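Architecture at a glance
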Amino acid sequence: MSDLATPIRPKRKKGLADFLVQFRWIGVIFVVLPISCMIHFFNYLGDLRSEMKSYSQRRKEHDENVKKVIKRLKERKPKDGLVCTARKPWIAVGMRNVDYKRARRYEVDLSAFRNVLEIDKERMVARVEPLVNMGQITRVTVPMNLALAVVPEFDDLTVGGLINGYGIEGSSHIYGLFTDTVVAYEIVLANGELVRATREENTDLYYAIPWSQGTLGLLVAAEIKLIHIKPYMRLTYTPVKGDLKEIAQAYMDSFCPRDLDQDNHNKVPEFVEGMVYSPTEGVMMTGRYASKEEAKLKHNVINNYGWWFKPWFYQHAQKALTKGKFVEYIPTRDYYHRHTRSIYWEGKLILPFGDQFWFRLLLGWMMPPKISLLKATQGEAIQNYYHDNHVIQDMLVPLYKVGDALEWSHREMEVYPIWLCPHRLFKLPVKTMVYPEQGFKLQLKQGDTPYAQMYTDVGVYYVPGAILRGEVFDGAEAVRRLENWLIENHGFQPQYAVSELSEKNFWRMFDASLYEKCRRKYGAVGTFMSVYYKSKKGKKTEKEVQEAEREVAELETPYAEGN
């Protein structure tokens, strides 16, 4: 058996869930898509109403809404349950079951916090509320030739989710993860106190918030770094053929000079992503901002990708495998949201004919269906089917191990396409939940600098090859093996996805020291849920809720000291 040989599995028997999933597109077309379209439209009108208000009026409304949050928290009694937001469990974009919202809890309504409060062109920061999403913020900033330094692709991803969880984009090899671009957090603590956390003020809280899943306090606003941009993205598509190690090396070479001159703007593109379509083929994309004058020069190709009838981006990029390397110019905002309409390639599962020209022309303007509605209408049988027979996971691994990660993914899951997106993992003054390998500075590898280790997101989203061949596939066991591999290779698993981690392994993957210290210092223990409590799979019993509430005087995470 070769290193890339996949195990031989027995055939699986199909059941009712297979039938429901196969014909789910009927409900999507006649129910989910129309309702999604209406929600998008009304949200857009709401955003326009907000934009018609002056910044001072928005800030005044914000201050009043913060007072309501403070009042609500101060009214809480210990018997009321642990604090969480009042959003419905199915509204979150992630695929993890939000089971903690099906147990006794104390809800705080943050639904009014969806306004852009200020675009400060002098300080180059955007002050926004947590429910502002990426589509909304780019609609405001791009006409000013400004953008957030890191703009994750999906329109519906919110600032709060990206801060408390995880966010990445093709510029993260320069700026880091989304949270690395946040200048200040405004947090309401368990006692109702409003605090501001920056690199100079409440420093420990500032570094503890990322990846904490909202378990240290309630985020009510954030100031995020802005950068100057140009109207177009000059995108180069480069095909790569070879084995997975050769594809990985080509990916590294696309944005990492082998002489380690990683801060040289002339050698490092402004945007990077890769897509691996099979064990032998991939396409690397590198981008630089371009002026309108450059884009409209003779012989330059402009791809107005925002039109609803355009081919899905991953299929468009795949053309490089047959036509060879090519360059085109895409309007910057269209480029930012290039994966939204097709939900990367998950849209092919939801609507098998959604990529066909006739569908794109007639109904493509209604895409994408809202992920929250897909979750709300899937039922427990389909939900369990996806957990067992479908993979949506991100593996954050040191860049030099990307080839190993690709080979592991092929052997264990055999999912294609695979998304590759690099990011810096900065060495910070304190050790946070995610952190670079110890001693990486002593022997810098391709992509590293003395102040940051280069990591990459290996995005594995689709149906495993075994399922496509009608074979048995144990999704839960595959995720456990993925998590163990990440722990052994100093990798991290974003917690938007379904996790099988035990509490012990959770704190082997993540560092608990600063997080636990801030849980106690800022009064979160016994009021806010712990990050593992929120992340772990399975419904919470009343006994578990009571135990979490009683943890005020105890060491909340017994495995934290071991870290």
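So, here is what we can say about the structure in this document. Keep in mind the model is a prediction, meaning the values are calculated, not measured. Counting of residues starts from 1 at the beginning of each chain's written sequence and follows it residue by residue. This being a predicted model, a pLDDT of at least 70 is required before a residue's local features are given, and a value of 80 or more before pairs of side-chain atoms are given or counted; all residues contribute to the totals for chains, interfaces and linings. To obtain the side-chain values, all non-hydrogen atoms of the structure were used and water was disregarded.

Focus on the overall build of the protein
Broken down by element type, the protein carries 23 helices and 15 strands. Taking 563 residues into account, the globule formula puts the C-alpha radius of gyration at 24 Å, and the protein, at 23 Å, falls close to it. If one aligns the C-alpha atoms of the protein with their principal axes, the spans along those axes are about 65 × 60 × 60 Å. Summary of the burial criterion: residues with accessible area below 20% of their type's maximum are buried, those above 50% are exposed, and those between are partly exposed, where the area comes from a 1.4 Å probe applied to protein chains only. Going through the 563 residues of the protein one by one, you find that 60% of them count as buried. Carbon and sulfur atoms provide 54% of the accessible area of the protein, an area that totals close to 23,700 Å². Put simply, DSSP marks the helices as runs of H or I at least four residues long and the strands as runs of E at least two long, and each gets a number from the N terminus on. We compute the radius of gyration over the C-alpha atoms and compare it with the globule rule, which gives 2.2 Å times the number of residues raised to the power 0.38. A 1.4 Å probe and the Shrake-Rupley method give the accessible areas. Residues count as covered only by the protein chains that appear here.

A few points about the sheet that holds strand S12 (residues 326–331)
The pairing criterion for strands is at least two bridges between them, as found by DSSP. Strands sit in the order S12-S9-S11-S10-S14-S15-S13 across an open sheet of 7 strands; the sheet is antiparallel. If you trace the sheet from one side to the other, it starts and ends with S12 and strand S13 (391–398), each paired once. Strand-to-strand, the axes of this sheet are offset by a mean angle of 25 degrees, without reference to chain direction. The pairing of strand S10 (residues 271–278) with strand S14 (residues 418–426) spans 3 bridges and is antiparallel. Opposite Gly274, over in S14, you have Leu420 as the bridge partner. The axes used here are C-alpha line fits, helices contributing only the stretch in contact, and every angle between their N-to-C directions lies in the interval 0 to 180 degrees.

Quick notes on the nonpolar core
Counting 140 residues, the largest nonpolar core has Phe178, Tyr237, Met395, Val458 and Phe492 as its most contacted members. To define a nonpolar core, start from buried Ala, Val, Leu, Ile, Met, Phe, Trp, Tyr and Cys residues and group those joined through side-chain atoms within 4.5 Å. Formed by 15 residues, the second largest nonpolar core is a distinct cluster that contains Val66, Val69, Ala190 and Phe528.

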